[in-house]
Amino acid sequence: MRLHHLTDAVLQSLTSVIEEKEAVAFLLDAESSRRLLLLRAILDAVSGADARPGDADEVRRAWRLLESAERSAPAAFRRVLLDPQTGVWAANLLRRLSRRSPEATAGEVPLRVELGYLRQWAAAVFAAAGVDFRTRVPLRDGRVFLPGLGRATVGGDPWGTAEVWGRDGVVRVAAGGVTVTLPEETERDVPGWEGQRRLRAEHAGVHLTLALDDLGPYVPVPELGAPRRLSEAQFASWQHWFECMWRVLVDDHTDSARALTTGLLSLVPLPRGERLRARAASSSDAFGCLLLSEPDDDGVLPVQLGVAVLHEFRHTLLNGLLFLSPLFEECDEAFYAPWRDDPRPLGGLAHGAYAFSGVAHYWRARGGEGLAGFEFALWRNAVRTVFETLRDHSALTPLGQALIGSLDEQTAGWHAEPVGAWEQRLAHLSAVHHRATWRAHHLRVPSAHARELADAWRAGRPADSASRPDPTLDADPHACRLDTLALLARLRLVAPGEFDALHAMTDPGSVVPGVVPADLALVDGDAATAAKLYADELTSPGARPAAWAGLGLALAECGERGAGTALTERPELALAVGHSLPSPPDPVALAHWLAG
């Protein structure tokens, strides 16, 4: 462990829209030191005055074993130290030890099992190095996980112990009369043993290797659930997808590809999500780990998988920077983010700006037509919107201001770059619809003003725009799939046959959740039909807030720009008036009335 100093060169690299290998290596070194500090904090917590003597003694013995493993095989020790599983284990355990009572609650693993990870770590290092050793490790539901190597199933007492030993390069795990012998190539499966498989790709002399983590007991993002062991066919699919993606990255995004070879460590596979709504996530506790759902297996898979990987990798890099120096102070505000359904805190907004500036750069390099043109136009607008919010915000630290200022400067000229007219239209519809729908869900007009507007409407008086107070933020937990128009735009660009088939259905939402016929008509350019369908919905019970945004866009495309703008800029007003009246008003007439 050593001190880490952010040099000007590293800082310039980390505040760029492009990922660079040298900066990633710096963050990885810093992460190794942070992990060692976590280990020391765990040792101190277990040795504290409130700790049980047995736990403290066991951890000290395991610590000495781990020190011996590091001396025997320092490279293998560092690999396990930086394994994302180790990061999640250490962070979770330290949080648990910080509680008033760290003993297991309902559904928790016994504390001694968590502390025993130190022995599993040491055993994995000894095994990888081919050093003779013998130790006892805890069982977790009858299994022994050796980080970086794989998982042995021996049964017996679910929370008992197993013996692990190595002799002459052969490693065995035994418990309850069952002995499992690890294969020489630990990635292979043999009876009782599931190997830690790795994805490998090579193109133009650039090699990528990362673990496919479908075995680890520690889930980086618990909300997404633990992965299940993939079949050989599923693993082969991931291998094929990564090979296809890698050719795209190496050929067209070379610097980013080289950065990934240094800092991309593991992939946690998730089941396939909704069509063109792939799930992706990362965790600040698991540097270099990405959680990705199976991609849509069509012609744009390589580029879509590539941008998903780079997007989440940039979150990893920013997390690494945040561990070294804060970018923002405490802030109670919540903000609009063009890539989220919910209001975001300042930190989440900065994270998104960092990730999506890289996303926009990725699509910019792929041209201005088709899917790339649409995505570039969409995300360059998104980051500009967020930089307008973040620029000079008082809660940003000097480093945070430098980061946002650098990204803002690098992306500023992108808005004048040409993209296809159709792609620009789809990006405009998607961006405006998302923001307007977000406002309709999360912004509330003061009740007194809503009543005044409703009274004026019923009396035939004009709406007084000069006296309108600002709405208040009241997050709607049910807001979801606000990206409906963006999804349909992608579908029309990459799979027009699917789009047409969906367009012909009376209930497209049964196939693509959140979609109604009016949305399809709007994306397809039939604004008049879209306006009628949205108006019909808004005069019926249970109308979606998104329908006001859709009607506003349709009216604007029909030439009724004032009425359309009134609904897309402040849809919460129309929603408030509608809720204050005994029956739904004529939505088109209301839009014109709000426009004055």
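Just above sits the structure.
All of the points below concern the structure found in this document. (Residues numbered from 1 in each chain as written. Predicted model: local features only at pLDDT ≥ 70, side-chain atom pairs only at ≥ 80, totals over all residues. Heavy atoms only, no water.)

What follows deals with the sheet that holds strand β8 (residues 198-203). Ordered by their spatial adjacency, five strands build an open sheet running β8-β9-β10-β12-β11, and the pairing between neighbours is mixed. Edge positions in the sheet fall to β8 and β11 (280-281), since each has one partner strand and no second. Examined bridge by bridge, β11 and strand β12 (residues 289-293) share two bridges and lie antiparallel to one another. Across the sheet, residue Ala-281 finds its bridge partner in β12, namely Leu-291. Set on the sheet, helix α10 (residues 301-324) makes contact with β11 and β12; between it and β12 the angle comes to about 145°. (Pairing = 2+ DSSP bridges. Helix = DSSP H or I, 4+ residues; strand = E, 2+ residues; numbered from the N terminus. Contact = heavy atoms within 4.5 Å. Axes fitted to C-alpha atoms, helices over the stretch in contact; angles between N-to-C directions.)

For the rest of this paragraph, the subject is unusual backbone geometry. For Asp-392, which is not a glycine, the phi torsion comes out positive at approximately 65°. At Arg-481, a residue that is not glycine, the phi angle is positive and equals roughly 55°. On the basis of relative accessible area, Arg-481 is assigned to the partly exposed category, the value being 30%. (Buried < 20%, exposed > 50% of the residue type's maximum accessible area, 1.4 Å probe, protein only.)

This structure, assessed with the given rule, holds 39 salt bridges. Glu-274 is the salt-bridge partner of Arg-277, the closest N and O atoms lying 2.9 Å from each other. A network of salt bridges, in which partner residues are shared, links Asp-189, Arg-197, Asp-214, Arg-229 and Glu-232. (Salt bridge = Lys/Arg side-chain N within 4 Å of Asp/Glu carboxyl O.)

What follows deals with the pairing of strand β10 (residues 266-270). Burial within β10 is extensive, with five of its five residues counted as buried. Here β10 shows no split at all, with Ser-266, Val-268 and Leu-270 on one side and Leu-267 and Pro-269 on the other all buried. Both strand β9 (residues 206-212) and β10 contribute to a ladder of two bridges, which runs parallel. Of the residues in β10, the one forming a bridge with Ala-211 is Ser-266. Note: β10 against β12, five bridges, orientation parallel. The residue of β12 that forms the bridge with Leu-267 is Leu-290.

Right, let's talk about the environment of Val-221 for a bit. Relative to the assigned elements, Val-221 resides in the loop between β9 and α8 (232-252). As for Val-221 and Ser-284, which are separated by 63 residues in sequence, their C-alpha atoms are 9.7 Å apart. Beyond its immediate stretch of four places on either side in the chain, Val-221 contacts Ala-281, Ser-282, Ser-283 and Leu-291.

This part is about the nonpolar core. In terms of nonpolar packing, the biggest core is built from 130 residues, with Phe-242, Trp-246 and Trp-363 touching the most fellow members. Examining the composition of this core, we find that 12 residues originate from one element, helix α12 (residues 370-390), more than from any other. Setting aside residues no more than four positions away along its own chain, Trp-246 makes contact with Ala-201, Glu-202, His-203, Val-206, His-207, Leu-208, Ala-257, Leu-260 and Thr-261. (Core = buried A, V, L, I, M, F, W, Y, C linked by side-chain atoms within 4.5 Å.)

Attention now moves to the packing of aromatic side chains. A ring pair, where both rings are aromatic, is described by two values, the distance of the centres and the angle of the planes. Per the counting criterion, the structure on display carries 12 aromatic pairs. Residues Trp-89 and Tyr-117 carry aromatic rings whose centres are separated by 4.6 Å and whose planes lie at 25° to one another, so their mutual orientation is stacked. Separated by 28 residues along the polypeptide, Trp-89 in helix α5 (residues 84-97) and Tyr-117 in helix α7 (residues 117-129) bring together distant segments of the chain. The burial state of Trp-89 is the same as that of Tyr-117; both residues are buried. Measuring from ring centre to ring centre gives 5.1 Å for Trp-238 and Trp-241, while their planes differ by 75°; the resulting arrangement is edge-to-face. (Phe/Tyr/Trp six-rings, centres within 6.5 Å; stacked < 30°, edge-to-face > 60°.)

With that settled, the discussion passes to the environment of Phe-499. By the secondary structure assignment, Phe-499 is in helix α17 (residues 496-503). With 10 residues separating them along the chain, Phe-499 and Ala-489 place their C-alpha atoms 9.0 Å apart. Setting aside anything within four residues of it in sequence, one finds Phe-499 in contact with Leu-488, Leu-491, Arg-492, Leu-520, Val-523 and Asp-524.

With that settled, the discussion passes to the sheet that holds strand β6 (residues 178-181). The pairing of strands in a sheet happens through backbone hydrogen bonds and is either parallel or antiparallel. Spatial ordering of the open sheet is given by β1-β4-β5-β6, a layout of four strands whose pairing is antiparallel. Only two strands of the sheet have a single partner each, and these edge strands are β1 (133-138) and β6. Averaged over all pairs of adjacent strands, the angle between strand axes in this sheet comes to 20°, irrespective of strand direction. Across six bridges, the pairing between β1 and strand β4 (residues 161-167) is antiparallel. Bridging across to β4, Phe-133 finds its partner in Gly-166. Running at roughly 145° to β1, α7 makes contact with β1, β4 and β5 (170-175) of the sheet.

The next subject is a negative patch on the surface. Taken together, the side chains of Glu-329, Glu-330, Asp-332 and Glu-333 define an acidic patch exposed on the protein surface. Relative to the elements of secondary structure, Glu-333 occurs in the loop between α10 and β13 (334-335). (Patch = residues over 30% accessible without salt bridge, like charges linked within 9 Å, V, L, I, M, F, W, Y side chains within 5 Å. Areas by Shrake-Rupley, 256 points an atom, 1.4 Å probe, with all protein chains shown as cover. Lys, Arg positive; Asp, Glu negative; His and termini not counted. Charge placed at Lys NZ, Arg CZ, Asp CG, Glu CD.)

Within the element layout of this structure, Glu-312 appears in helix α10. Buried and without a salt bridge, Glu-312 has Arg-340 as its closest oppositely charged side chain, separated by 8.6 Å. Aside from chain neighbours lying at most four places away, what touches Glu-312 is Ala-280, Ala-281, Ser-282 and Leu-290.

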